[in-house]
Amino acid sequence: MDMLLQPAPLPEEMDQGYLGRIMRINGYRTVRTLWKAITAHLSPVRGVTRHELLSQMAGQTSEEFAQNHTLIPLKRAITHHFPNIRHGSPERKTLWYWRRPHQHDVRAFYCEECVKEDVSFHGVSYWRRDHQIRGQLWYSKHAVPLHYAACKDPFCSSPVELLGRCHAVSEALVLEAQSNPFVQRFLDLSCGMFERFEPMDAYDVVPHLRTRGDENGFARTFQFGSDYLMNRRIRAVFPELWLSAVFQGKAMPKFGSIMQSSPSTDISSFLLVLAVLFEDADEAINMLAATAKPMKRRLIRNPVNVAWMPRAPMLPKQEL
């Protein structure tokens, strides 16, 4: 059995960066061989996922690791896909499969000033989760553009090793976004989503957005649909290049449909709409919290001991 050093995760350390730090500390050169070593080290039972393996390496439960070191709380903040399942809960592991603990050919962002401070304070530099939020092109504490590594497996390297070797986000783009109150509201809403332990049901949120939209002049009219009105408003108040960065060059969705009958699965779309409909991020977050219902759990009969036990809802056939 291979024995590995298990470093404690640092505050807000990104899970992929934590995996890279484990690899460097233990002297492994590839992620593939590291996963084999982690599996041998922990001797897990069959069916344990990589997310659970990393949780065990960190000495945390699956829920704790998801809450503190992944983007899951943000990505699943508002969803119609099993909203009654807590973030990182093993009740339905398929909710983790949309993202892998280590992805290829992605952009990994870091702040050069944070890197220097981390080395001074912690003795090491690490990848921070809040730097990986879509649209977060600078770090508010230092107000300087983030740098990014765009290569295969960027999280395998320590940020301090990349100083002076990576591209910086355009300063003109950052200055334009920093001076935009709608962008700041969007980022405040994004950070606020990390505070919740479970997602909100999109079908509970949508009626409130529809009412708010009607009050703010986004109701469907004879001439224009809500999609046209909301899309035009979002394009008018948000910087075009910043929006492109949020959606990573992909076509933007029809935002008005969020207020009608088709809740989007992309949290960025919800947050953009919220940033337009509310003048304050805290007001929007309080509205969302008010719509959240207590988590419901179905009970089934256990044929062995005739006890009542919780069970996760079955996955629809089309999603298997």
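The text that follows walks through the structure, step by step, so that each part is easy to find. (Residues numbered from 1 in each chain as written. Predicted model: local features only at pLDDT ≥ 70, side-chain atom pairs only at ≥ 80, totals over all residues. Heavy atoms only, no water.)

### Some points on the side chain of serine 125
In step 1: Relative to the helices and strands, serine 125 is located in the loop between helix H6 (112–121) and strand S3 (138–139).
In step 2: Among the polar contacts listed, one links the side chain of serine 125 to the side chain of serine 158, at a separation of 2.6 Å.
In step 3: A polar contact of 3.0 Å, which involves the side chain of serine 125, links it to the backbone nitrogen of valine 160.
In step 4: Excluding its chain neighbours within four sequence positions, the residues that come into contact with serine 125 are Val115, Asp118, Val119, Ser158, Pro159 and Val160. (Helix = DSSP H or I, 4+ residues; strand = E, 2+ residues; numbered from the N terminus. Polar contact = N/O pair within 3.5 Å; in protein donor to acceptor, adjacent residues only side chain to side chain. Contact = heavy atoms within 4.5 Å.)

### Quick notes on the packing of helix H8 (residues 181–193) against helix H12 (residues 267–277)
When two helices pack together, their arrangement is given by the angle between the helix axes and by the axis-to-axis distance.
In step 1: At a closest axis distance of 9 Å, the pairing of H8 and H12 adopts a crossing angle of 125°. Between H8 and H12, the interaxial angle falls into the category oblique. The handedness of the crossing between H8 and H12 comes out as right-handed. Residues Phe182, Arg185, Phe186, Leu189 and Ser190 of H8 touch H12, and the partners they reach there are Ser268, Leu271, Leu272, Leu274, Ala275 and Val276.
In step 2: Across the contact of H8 with H12, the residue classes tally to eight nonpolar, two polar and one charged. (Axes fitted to C-alpha atoms, helices over the stretch in contact; angles between N-to-C directions. Parallel < 35°, antiparallel > 145°, perpendicular 65-115°, else oblique. Left-handed = near helix turned anticlockwise from the far one by under 90°. Nonpolar A, V, L, I, M, F, W, Y, C, P; charged D, E, K, R; others polar.)

### A short note on the pairing of strand S2 (residues 106–110)
Consecutive residues of a regular strand have side chains that alternate between opposite faces of the sheet.
In step 1: Counting buried positions over the five residues of S2 gives four, a clear majority of the element.
In step 2: Where S2 lies against strand S5 (residues 147–151), five bridges are found, and the strand directions are antiparallel. Each bridged residue has a counterpart across the sheet, and for phenylalanine 109 the counterpart in S5 is tyrosine 148. (Buried < 20%, exposed > 50% of the residue type's maximum accessible area, 1.4 Å probe, protein only. Pairing = 2+ DSSP bridges.)

### Quick look at the packing of helix H9 (residues 202–215) against helix H13 (residues 281–291)
In step 1: For the pair H9 and H13, the least separation of the axes is 9 Å and the interaxial angle reads 135°. By the angle between their axes, H9 is oblique relative to H13. Two packed elements cross with a definite hand, and for H9 against H13 that hand is right-handed. Two secondary-structure elements touch here, H9 through Asp204, Val205, His208, Leu209 and Arg212 and H13 through Glu283, Met287, Leu288 and Thr291.
In step 2: A class-by-class count of the residues in the contact of H9 with H13 yields four nonpolar, two polar and three charged.

### Describing the sheet that holds strand S6 (residues 167–168)
In step 1: The sheet built from three strands is open, its strands ordered S2-S5-S6 with antiparallel pairing. The open sheet has two edge strands, S2 and S6, and neither has a second partner.

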